[in-house]
4 protein chains.
Amino acid sequence: MMAPDYGKTFGLWRAGAAEPWHNYMNHAFVEGLRDGSLPRASFLHYLIQDYVFLVHFSRAWSLALVKAETLAEMKVCAGMVDALVNQEMGLHVKTCAREGIDEAALYNATEAAENLAYTRYVMDAGLQGDFLDMMAALAPCVMGYGEIGVRLAAEKAADTPYAEWIATYADPEYQSVCSTVGEMIDSAVARRIGDLSSSPRALQLQDRFTRTTQLEISFWQMGMNV
Amino acid sequence: MMAPDYGKTFGLWRAGAAEPWHNYMNHAFVEGLRDGSLPRASFLHYLIQDYVFLVHFSRAWSLALVKAETLAEMKVCAGMVDALVNQEMGLHVKTCAREGIDEAALYNATEAAENLAYTRYVMDAGLQGDFLDMMAALAPCVMGYGEIGVRLAAEKAADTPYAEWIATYADPEYQSVCSTVGEMIDSAVARRIGDLSSSPRALQLQDRFTRTTQLEISFWQMGMNV
Amino acid sequence: MMAPDYGKTFGLWRAGAAEPWHNYMNHAFVEGLRDGSLPRASFLHYLIQDYVFLVHFSRAWSLALVKAETLAEMKVCAGMVDALVNQEMGLHVKTCAREGIDEAALYNATEAAENLAYTRYVMDAGLQGDFLDMMAALAPCVMGYGEIGVRLAAEKAADTPYAEWIATYADPEYQSVCSTVGEMIDSAVARRIGDLSSSPRALQLQDRFTRTTQLEISFWQMGMNV
Amino acid sequence: MMAPDYGKTFGLWRAGAAEPWHNYMNHAFVEGLRDGSLPRASFLHYLIQDYVFLVHFSRAWSLALVKAETLAEMKVCAGMVDALVNQEMGLHVKTCAREGIDEAALYNATEAAENLAYTRYVMDAGLQGDFLDMMAALAPCVMGYGEIGVRLAAEKAADTPYAEWIATYADPEYQSVCSTVGEMIDSAVARRIGDLSSSPRALQLQDRFTRTTQLEISFWQMGMNV
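Residues numbered from 1 in each chain as written. Chains lettered and ligands numbered in written order. Predicted model: local features only at pLDDT ≥ 70, side-chain atom pairs only at ≥ 80, totals over all residues. Heavy atoms only, no water.

**What to know about the interface of chain A and chain B**
Our working rule: Note on contacts: a residue pair is in contact if any heavy atoms of the two residues lie within 4.5 Å. The buried area of a pairing is the accessible area, by a 1.4 Å probe, that goes missing from both parts when the two are put together, added over both. By definition, a salt bridge exists where a carboxyl oxygen of Asp or Glu is found within 4 Å of a side-chain nitrogen of Lys or Arg. Here a polar contact means two N or O atoms within 3.5 Å. Within protein one must be a hydrogen donor candidate and the other an acceptor candidate, and residues neighboring in sequence count only if both atoms are side-chain atoms. Counting from the N terminus, the helices are DSSP H or I runs at least four residues long and the strands are E runs at least two residues long. Under the grouping applied here, Gly and all other residues not named as nonpolar or charged are polar, the nonpolar ones being Ala, Val, Leu, Ile, Met, Phe, Trp, Tyr, Cys and Pro and the charged ones Asp, Glu, Lys and Arg.
Across the boundary between the two partners, chain A contributes 20 residues, which contact 20 residues of chain B. Buried area between chain A and chain B, summed over both chains or domains, comes out near 1800 Å², and the portion from carbon and sulfur atoms is 73%. Applying the counting rule to chain A against chain B returns zero salt bridges. Between chain A and chain B we count six residue pairs in polar contact (both at pLDDT 80 or more) in total. For the side of chain A that touches chain B, the elements supplying multiple residues, two or more each, are α4 (40–67), α5 (71–98) and α6 (103–107) of chain A. Per-element tally for the side of chain A that touches chain B: the top contributor is α4(A), with eight residues. Partitioned by chemical class, the residues of the side of chain A that touches chain B number 13 nonpolar, three polar and four charged.

Shown next, in the form of structure tokens:
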């Protein structure tokens, strides 16, 4: 199955992190979503932590807007913040409410170390570097979930209880978010670097992308550790 | 005429900056909007600079979201960013388009020194302090325009060509933004300080509010200097 | 044995994190330094990671200077940055050089997840909050090492090979750093809060202190995991 | 008279801002220092504002350290912070003390708008961009004073009362700071960009350099406006 096309820069970064990307895409947690074997407790633990993750991910996309340098970049970042705060976090709230966990409990959940490491690394990428440092750190989450969504939608067990989760990320609307972010990253690279492959910055941006890909793997693993 | 009520903290800050606040509310530029005597060239110069101001004001509200500590604070900040990027900036674009100035020209306009001083001071308030330092620096613009809108709607000359500008800020929707921000500031003070009037931070927050009120006066003056 | 006195605020925070603080002070890694039983490989692994930690800890104290609001705060922060970059990192370089590890290798060492989580959390505390948020997050490292140094100097085995490490932190010069930072924190609390124990911020600052104390425990544990 | 050589990148930026650079180097304030005609009140007003400038300039170099990516960059930034906080600010204190102005008065002096605009623009350059955005914004002050010092040392009137000020910046120690910063900037460009002249970032970095050069001119002018 072909991976979806989320732009040229993302393609380079993904290829440059081949092994961790594979492990992120095919983690036991993901397989458990696909075939339905993931224990409910693991999924809920993940969902609660993911809510806290989204709080800081919203802060990260807001910091990206602080660092944006074109109107187009600003609009994409503002759209991401709105989607995260007003939609994706709402999905988590709804799903958790069905399990008797309210939003105040979500917001105040104790952050797992794997969660904290991930989001604070992304924030600091923005403080230390520029807009592209943030994009390289933000891309694995945005696009990784898109790629997983597409694959699981095609390969999922008919009776997996995680069909709603899968549908969220396979949805054309989410796929369109991935494409929009991917195009914006390509433009941001053109504006700041030109040809990425011959830039002295290529290695460091790859390091950021690879690092957050590894942090995604730890995040799945955290979900399993219940 | 009574000033609108935008919350307890705002009331304290406004009273603590009585003279500059009066000069901000009643600047010759504002009087020119009211009675229609403001030269068109001044208004357009102001509008172009205000567009650039809104670019950085969006960045400032995004930084506020980075600094938010409750879900309610995050939602207000996300709403402000969305309103600024997707609505208020659009109004400027539309008005300027009617005068033959397109959005690229707006985005790339050379920033006047008064403009730069204002927005960068607000950004640095956020970098140096906490969420309240930002709120004290952001409030004069948000609420000041609300107060001016209400007064000018009541007192404007029948034939002022600036009725659309006045209506924007007198509008119940904009007034509701002021109230929402004012309530959030009261909650943010309760959460971080308790009783503001007896806090050792009171003076510094007042200084930030007073300083950006002065920077608003300079911004009006800049509009006149064409 | 009495713990050294590093100021009133530190005393409150330490008492508020009693159990994790005890576990930080008496971790197996610390006991291994004391009685000399810590494997050399663990110590070197720790030392290399601690070098990378100091890189980001220098960045964190620099961010504290960005957030300082008095000349006295600025001077303490500038002194910490200078001590970290020009002295403490030099000690690690010298010790590691004796083991055949050069500074470029140190600077480019792959950061352990426990390391990254700790330092990036501190950086983000500064971005999200104010000077006191940073101080609450920075204090456990500065003062914890001071307290460990004093105890191990008194209780160490005569033949522990880690006497030089212990002496560094038991040294009057390092103890004086702890006292200076502790006094500055007391002044910073007086300036921004007044009476900490009755402030609505007390809980959050305690959370930051407790969180980095836990991250210190994970850091010791990381040293053992070789 | 040849301008001193402070590195290749600085040379490009200086040439790219030829007219504002000339006006900065040859402002009436500078001529008044050279021939001694500058009124004492102007000099003192400048000195007080320059002290406040140095407070924020120290914060800016600290932010640069937060954004540094190599040990060499960190060391230069740490050295700058130390020199600013522990030496250059001390010079201002000493000179002002002779005029009966103590350090508390300096630290609490009301910031002129020209001063605030300059330093906050530099801080925000760091928040929005990367290390090079800061360097382009910081270079005009560091190197401009070096260039003025060298010229005025050669051309000054025998009886100018500003010989001590001139000597400070003509001093080999200060010249060596300019060279060190210039070399570090060249390395930072090599690390992040490669060939600056063919980079899409060249224009924006030039804009930052040119902007702060203009802000230097306004700063001199502020000194005259007493």
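**So, the relation of the copies chain D and chain B**
Filter applied, for reference: Only residues with pLDDT of at least 70 in both copies count here: their C-alpha atoms drive the least-squares fit that superposes the copies.
Superposing chain D onto chain B requires a rotation of 180° together with a translation of 0.0 Å along the rotation axis, leaving an RMSD of 0.0 Å. Within this description, the copies of the chain are treated as partners about a two-fold rotation axis. Within chain D, the C-alpha atom positioned nearest to the axis of rotation is that of Ala117(D), 1.9 Å from it. Comparing interface residues between copies, 100% of those in chain D also lie at the interface in chain B; the contact surface is shared.

**Remarks on the nonpolar core**
Going by this rule: Note on terminology: a nonpolar core comprises buried Ala, Val, Leu, Ile, Met, Phe, Trp, Tyr and Cys residues joined through side-chain atoms within 4.5 Å. Type-normalised accessible area, obtained with a 1.4 Å probe on protein chains alone, sets the label of each residue: buried when under 20%, exposed when over 50%, and partly exposed for intermediate values.
One finds Trp61(A), Trp61(B), Trp61(C) and Trp61(D) to be the most contacted residues of the largest nonpolar core, which totals 335 residues. Here the element with the most residues in this core is helix α4 (residues 40–67) of chain B; it accounts for 16 residues. In contact with Trp61(B), not counting residues within four places along its chain, are Cys77(B), Met80(B), Val81(B), Leu84(B), Met135(B), Leu138(B), Val142(B), Val181(B) and Met184(B).

**Re the interface of chain D and chain B**
Facing the 14 residues of chain D at the interface are 14 residues of chain B. Of the roughly 1400 Å² buried at the junction of chain D and chain B (both faces included), carbon and sulfur atoms supply 60%. When the shortest N-O distance is used, the salt bridge between Arg120(D) and Asp124(B) registers 3.0 Å. Linking chain D with chain B are six residue pairs in polar contact (both at pLDDT 80 or more), by the criterion used here. At the level of elements, α4 (40–67) and α7 (113–128) of chain D are the ones that each hand at least two residues to the side of chain D that touches chain B. Class assignment for the residues of the side of chain D that touches chain B results in seven nonpolar, two polar and five charged.

**Quick notes on the relation of the copies chain A and chain B**
When chain A is fitted to chain B, the residual RMSD is 0.0 Å, and the transformation amounts to a turn of 180° plus an axial shift of 0.0 Å. The fraction of interface residues of chain A whose copies in chain B are also interface residues reaches 100%, indicating that both copies meet through the same surface.

**Things to note about helix α8 (residues 131–155) of chain C**
The line we're drawing: Under the convention used throughout, the expected extent of a helix is 1.5 Å for every residue step, that is, one less than its residue count.
With 25 residues, α8(C) extends 36 Å between its outermost C-alpha atoms, agreeing within 8% with the 36 Å of an ideal straight helix rising 1.5 Å per residue. Counting buried positions along α8(C) gives 21 out of 25 residues, so the element sits mostly inside the fold.

**Overview of the environment of Tyr107(C)**
Tracing the backbone shows Tyr107(C) in helix α6 (residues 103–107). Polar side-chain contacts of Tyr107(C) include one of 3.0 Å to the backbone oxygen of Glu69(D).

**Some remarks on the pattern of salt bridges**
What the rule picks out here adds up to 60 salt bridges over all chains. Of the charged contacts, one joins Glu73(B) and Arg192(B) as a salt bridge, the two residues approaching to 2.8 Å between their closest N and O atoms. A residue pair is termed long-range when its members are at least 10 positions apart, and Glu73(B) in helix α5 (residues 71–98) and Arg192(B) in helix α10 (residues 172–192) qualify at 119 residues. What makes Arg192(B) buried here is its relative accessible area of 4%. Between Glu147(D) and Arg14(D) there is a salt bridge, and its shortest N-O distance comes to 2.6 Å. You can see Glu147(D) sitting in helix α8 (residues 131–155) and its partner Arg14(D) sitting in helix α1 (residues 8–16), a full 133 residues away along the chain. Among the residues examined, Arg14(D) registers a relative accessible area of 26% and is labelled partly exposed. Overlapping salt bridges, with partners in common, bring together Glu31(A), Arg34(A), Arg151(A) and Glu155(A) in one network.

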